[in-house]
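Descriptive structure summary
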Amino acid sequence: MKDLIQINGVKKVYQSKAGPIHALGPIDLNIREGEFISIVGPSGCGKSTLLLLVGGLLEYEAGQIFINGNLVNKPQTDIGIVFQTPVLVDWRDVLGNVLLQIEMRGLKKEVYIEKARNLLRSVGLAEFEKRYPFELSGGMQQRAAFCRALIHDPPLVLMDEPLGALDAITREQLRVDLEQLWLLTKKTVLFVTHSIPESVQLSDRVVVFTPRPGQIAEIIEIDLPRPRTIAVRESAAFQQYIHQLTSIFMNFGILRDTVSTNQQKAVVGEE
Amino acid sequence: MTSLSSTTSSKAGGIFASLRGWFSEARNTILFVIGFLLFWELAVIVFRIPRYILPSLSSIIRQFVRNFDLIWEYTLITGYETLVGFVIAVAIGVPLAMLTAFSRILRQTFYPFAVALEMVPKIAFAPLFVTWFGFGFIPKMIIVFLVCFFPILLNGILGFTSLSQEMVYFSRSTGASQLRMFWKIRLPAALPELFVGLKGAAVNATVGATISEWIGGDAGLGYYIQIATGQLRMDLAFAIIFMLTALGLLLFYIVQLVEKRMIPWHVSQRVSVFGKREI
Ligand SMILES: Nc1ncnc2c1ncn2[C@@H]1O[C@H](COP(=O)(O)OP(=O)(O)OP(=O)(O)O)[C@@H](O)[C@H]1O
Ligand SMILES: [Mg+2]
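This structure is a prediction, so every number in the text was calculated from the model and none was measured.

With that settled, consider the sheet that holds strand β5 (residues 70–71) of chain A. Either a parallel or an antiparallel arrangement is found when strands of a sheet pair, and the pairing is made through backbone hydrogen bonds. Residues and elements named next belong to chain A. If you trace the four strands from one edge of the open sheet to the other, you get β2-β1-β4-β5, paired in antiparallel fashion. Sheet topology places β2 (19–32) and β5 at the edges, where each strand pairs with a single neighbour. Looking at chain direction, strand β1 (residues 3–16) and strand β4 (residues 62–67) are connected through five bridges and run antiparallel. From the neighbouring strand, Gln6 faces β4, where its bridge partner is Phe66. With respect to the sheet, helix α1 (residues 47–54) is in contact with β1, β2 and β4, its orientation differing from that of β1 by roughly 120°.

For chain B, the assigned domains read domain 1 (1–48) and domain 2 (58–270). Inter-centroid distance (C-alpha atoms) of domain 1 of chain B to domain 2 of chain B is 32 Å.

All names here are of chain A. Strand order in the open sheet formed by six strands is β6-β7-β8-β3-β9-β10, with mixed pairing between adjacent strands. The strands lining the two open edges of the sheet, one partner per strand, are β6 (79–82) and β10 (216–221). Each adjacent strand pair in this sheet contributes to an overall mean axis angle of 15°, direction not counted. When strand β3 (residues 36–40) meets strand β9 (residues 205–209), the two strands line up parallel, connected through four bridges. The residue of β9 that forms the bridge with Ile39 is Val207. Across the face of the sheet, helix α4 (residues 138–150) comes into contact with β6 and β7 (156–160) while running at roughly 165° to β6.

Interfaces are often described in size by the accessible area the parts lose on coming together. Across the contact, 20 residues belong to chain B and 24 residues belong to chain A. Summed over both partners, the interface of chain B with chain A comes to about 2,000 Å²; 72% of that surface belongs to carbon and sulfur atoms. If you look at where chain B meets chain A, you find one salt bridge. B:Lys184 is the salt-bridge partner of A:Glu103, the closest N and O atoms lying 3.0 Å from each other. Between the two partners, chain B and chain A, sit three residue pairs in polar contact (both at pLDDT 80 or more). No other element matches the eight residues that helix α8 (residues 165–174) of chain B contributes to the side of chain B that touches chain A. Partitioning the side of chain B that touches chain A into residue classes produces ten nonpolar, five polar and five charged.

Rules used throughout
- Residues numbered from 1 in each chain as written.
- Chains lettered and ligands numbered in written order.
- Predicted model: local features only at pLDDT ≥ 70, side-chain atom pairs only at ≥ 80, totals over all residues.
- Heavy atoms only, no water.
- Pairing = 2+ DSSP bridges.
- Helix = DSSP H or I, 4+ residues; strand = E, 2+ residues; numbered from the N terminus.
- Contact = heavy atoms within 4.5 Å.
- Axes fitted to C-alpha atoms, helices over the stretch in contact; angles between N-to-C directions.
- Domains from an automatic or database assignment.
- Buried area = accessible area lost by both parts, 1.4 Å probe.
- Salt bridge = Lys/Arg side-chain N within 4 Å of Asp/Glu carboxyl O.
- Polar contact = N/O pair within 3.5 Å; in protein donor to acceptor, adjacent residues only side chain to side chain.
- Nonpolar A, V, L, I, M, F, W, Y, C, P; charged D, E, K, R; others polar.

As structure tokens, then:
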């Protein structure tokens, strides 16, 4: 399949009061069309930064990003975005929130109502279109946010830890729903997560970042059948991928089994 | 009897049903107020509190009725000062809050200045305004304007700058123009905070009018209170205070009514005045 996104030598340095912070890169990465690609890495390594760079929502210092061969140098509109929080507006019901995407684009609302309803149905919100965000659980709000990111049929969806703020069970369910949505729509998804199992369950490829400044440590192809049912998730192959990713994390010192003696001392407060 | 009354009420429908609904919701509040007023009346009688310290409720009502013509005349004067000052504060404060929120230059220059000015006790200017503008309408209106303006401006700025970074990113990704983004997102998002400011201003408005009339007035309820207390007519003073309270409440409820209309979706609107959760 052809590449939708090309990231060539991209670097991001934030200017902060304490001086420049080299947050990311250089990164070289090509993302294929229709691919579900995850980025995992330690906190603060620049995952969100990369996502925003691809969306044209941040400026970068070096390198180039192309989407469909076009240089990214302003906010991209051919995308859908989902954040860790649903970012719905309080004054619109669920259907209205999904259609906000359409209205903001100056498109005809009437044309999209049916589609919005279908999307809501596919994530189990059919009966909740008239409800306001405060009447919904966090998981339901996040489902509505998925619909809002998909209603205009963008070829690319950016997701920044979209399941990160949910409880374990809701999260488990939403992973399944998300894969289902992706199988239906076949969009290119750039997905940031903290969870190794989540990345294995959802992705075609998992990109592991080093600690800040984030660089690509390794890219793992996940060659597992879809949909990734419980049977697949309990398979030896699935566990093998998790094991593989975990050891990469351990090699970087991001994960460890025991606290080292020095750190134990620091925690206890001894010199 | 019971069957009769129940059929009448069901036929009368709408208005009575909603009135009864309101009453049943407000019942505890009303009972409390009645209880409080009764306690006042009795306490004054039982403890023989002198009239010039705390008048009884009945004597206040008597004074209110007896002097109603003048009280009403002064109510119109004070009400006019309050309303004009408030409306001008809204008319200038809201657009200025918007400008300040969206202009980096104003945020860096005007905003800190406005925060500092907010700390200035505006009432302290009343004597100055009297020397500048005389005893009439203008100095009072200016004081009302000043005590209303800052809560509106500062809460307005807060409201217009309260969008989360994620919301801004989402908006940008839709390619919406600044104008469309303003109407669809920034303005509605700013309303709850803006109304906090408007309600604060409504509370301040009558206070500003009253005090400015004390300091240099020849008419109005504030002026009248001074006359009444000067003659140790506490019952009249209380009658005027009740009128002032009613005036303040009226302005406050108008703002609240508009708020209810404009942001029924907001958390603040989900708890009714009587403290019962509606949802
Ligand atoms: N606006 C900013 N100004 C200055 N520094 C920033 C800014 N945003 C992010 N950073 C820094 O850049 C680095 C990368 O941030 P980023 O949010 O991309 O990390 P992340 O991988 O998404 O982390 P997390 O997993 O915790 O969400 C962090 O060290 C952060 O402190
Ligand atoms: Mg992040």
